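Close look at the chain arrangement
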Amino acid sequence: MSLLQTNHLSKTYLDNGVATDALKDVSLSINAGEFVAIMGPSGSGKSTLLHILGFLDRESGGEYLFAGEKFSTLPDDELARIRNQKLGFVFQSFNLLPHFSVLENVMLPLMYSEVPESEWRKKAEKAIEQVLLTHRKDYPAIQLSGGEKQRVAIARALVTDPAVIFADEPTGNLDSKSGQAIMEILEKLNTAGRTIILITHETYTAEHAGRIIRLLDGQVESDTKVENRRKAKEGFVK
Amino acid sequence: MTKITMTFKNSLKTALGGLHSNKSRSALTILGIVIGITAIMLVLSLGMGAQNLILSQVQGMGSKTIVAVPGRQPSGPSDFANVFLDSLKERDLRSLQSKANVPNAEDIMPIMFGTVKLYYQNETYQATVLGGGNEETNNVMGKIFDIYPEVGTFFTAADVQSKASVVVIGDKVREHLFGATIDPLGKKIRIKDKAFQVIGVLGKKGQVSFFNFDDMVLAPYTTVGQYLLGRKYFDRIIVSASSEDKIRQSVEDIRMTLRMNHNITDTTKDDFFVETQADLAARLKTITTALTLFLSAVAGISLFVGGVGIMNIMLVSVTERTREIGLRKALGATNRDILMQFLLESMLLTSLGGLVGITLGSSLSFVISFIIAKFALATWSFSFPYLGAALGLGVSVIIGLVFGLYPARKASQKAPIEALRYE
């Protein structure tokens, strides 16, 4: 059974009274454990698709099923709870709280969860260990390098043990060496069974995934399996 | 009702973190609140000081004291009761002294006062002459005002009867006329072409019961009326009741007696009024309270302005932290969590401002009280307005709540994607 499924999904924005179709008739299905890259030039609707799949926004037409259930009609607070429990987000610009420590940043999703406070530290430390930043856990985020910041962001996405991790251009602001480290971590998480959805406009980065969905003008242009997956270990060139 | 997922403790931590990362701005933001609360603390503290001072003055005359005042009782602040100022005369004094009229009166003394020039050899000095005493009891003036000469004696009932030219002088009068070297006892000073013998000298008294005895000359009222002021009516008749529980009755007795003397049947046409020390204290307290309230209201305006400042800065902060809000929402914060975070931040800000204001205001009023006590009024005392402090803190928290609500609501209603997209 597919974990994420959209049927004839569409999204229309009203901008100063003018309707713009950001997504038109998008139907796709992603299974648990897949590593999918969503590609497309800017304006193709890939971010809009990510927002709807990540319950940060609601569709205008069609339907979106998560684990077979339709959630998008629930009130905001329910969606917040689903984001908190089931999804993890990694953004291009990291979005850490600069004056808080690595540990505090990683604990942030737990503050909004039902996880008892006594377990926060342990869970956060485990997530930090997975991104190999244990030696930095008490540093304020502002003192970290770009690559380290993104690793903290991944740890933050991991800490609630979500079903899916959405990574929106995670290497976009990084040099190739840091980018390689990030891709390695994402690969490792996927190998361990986690579903990863990667948004990128770089073919090179997308080829780390097992499947590439290309969007153009709000529609699915192609949906292909990657024959020769790149391994981040073999080098990451931008 | 939706559940608030974040615990209060963690909201507090988050809010503190938010303020911490913007230290200098936070400090500037609370300035308005600091100034407002400081002003209120100052007003309340000094107001209390003034009130205590006035009350101690009133009580200095003794709680059993009843005062009959000529003229109509002022009915309001704009009513200057300046008619019938000559309504209390010798005849009224005699009637009041009769045990048949006022059975519970212990001491009765008329007073009259005016400004006179004093001469001693080449020295002159302007002072207030206070006529008092009565024809029956020695030393009644000292007893009623609780003042006694440091050297020499008070005038006697016989002095009052004979309109003797004797005076008791205050400390400042002595200093100006006689200096440090001359012993004033037995010396003659001249007032209005009449020689008066100094029979007593008061020590340094300061302010007692609204009279500054240091700057006064005390003489038998008979002498003062005839030779110095040239009039036969009194400025006050002071009666002390035999005990506290006889005050009410005595007040009534005095009223009845005076009305009978003045042929008054309609009590609204009284040409005098009778006041107890308790009445006086209550009236003065009303006045100082009204003044304190008025000044506090003025300070309250600065609090309001401070609140608007808080709202302004919180709105800027919400806009600036749009990304943070979006991130928190993406990670699972509910609208309510965000609302609470920003509300707590503004309440923390204002209560911090309140605490600083309370500290600053009370330290300032302590210093001011110290200066007043040192250089002007020795009896002034500093009092910490506990009620004012509690009120100030409460008001600051409420300001944070009221003026933080709008920005916090704005923050909580931001859509997560709008917030994340914001650069």
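Residues numbered from 1 in each chain as written. Chains lettered and ligands numbered in written order. Predicted model: local features only at pLDDT ≥ 70, side-chain atom pairs only at ≥ 80, totals over all residues. Heavy atoms only, no water.

Of the residues in chain B, 92% reach a pLDDT of 70 or more, and the chain-wide mean stands at 85. Taken as a whole, residues 1-5 of chain B scores under 50 in pLDDT and shows twelve contacts with residues more than four places along the chain or in a different chain. (pLDDT = per-residue confidence, 0-100. Contact = heavy atoms within 4.5 Å.)

All names here are of chain A. In space, the six strands of this open sheet follow the order β6-β7-β8-β3-β9-β10, with mixed pairing throughout. One side of each edge strand has no neighbouring strand; the edge strands of this open sheet are β6 (87-90) and β10 (219-225). Looking at each pair of strands side by side, their axes are set apart by 15° on average, direction ignored. The strands touched by helix α2 (residues 76-86) are β6 and β7 (164-168); relative to β6, the strand with the most contacts, the crossing angle is about 80°. Strands β6 and β7 of the sheet are contacted by helix α5 (residues 146-158), whose axis makes an angle of about 170° with β6. (Pairing = 2+ DSSP bridges. Helix = DSSP H or I, 4+ residues; strand = E, 2+ residues; numbered from the N terminus. Axes fitted to C-alpha atoms, helices over the stretch in contact; angles between N-to-C directions.)

Moving on to the domain arrangement of chain B. The domain boundaries assigned to chain B delineate domain 1 (8-58 + 282-421) and domain 2 (105-238). For domain 1 of chain B and domain 2 of chain B, the distance between their C-alpha centres works out to 54 Å. (Domains from an automatic or database assignment.)

On to helix α11 (residues 322-330) of chain B. Residues and elements named next belong to chain B. Burial analysis of α11 places nine of its nine residues in the buried class, the great majority of the element. All of the buried residues along α11 are Thr322, Arg323, Glu324, Ile325, Gly326, Leu327, Arg328, Lys329 and Ala330. Directly after α11, the chain includes Gly332, whose backbone phi takes a positive value near 120°. (Buried < 20%, exposed > 50% of the residue type's maximum accessible area, 1.4 Å probe, protein only.)

If you walk through the whole model with that rule in mind, you get 26 salt bridges over all chains. Put simply, Lys137 of chain A and Glu125 of chain A hold a salt bridge, and the shortest N to O gap is 3.8 Å. A residue pair is termed long-range when its members are at least 10 positions apart, and Lys137 of chain A in the loop between α4 (120-130) and α5 and Glu125 of chain A in helix α4 qualify at twelve residues. Note on Glu125 of chain A: relative accessible area 27%, which makes it partly exposed. Here Asp193 of chain B ties to Arg190 of chain B by a salt bridge, and the two come within 3.8 Å at their closest N and O atoms. Here Arg190 of chain B falls in the partly exposed class, since its relative accessible area comes to 38%. By sharing partners, the salt bridges in this structure join Arg321, Glu324, Arg328 and Glu345 of chain B into a single network. (Salt bridge = Lys/Arg side-chain N within 4 Å of Asp/Glu carboxyl O.)

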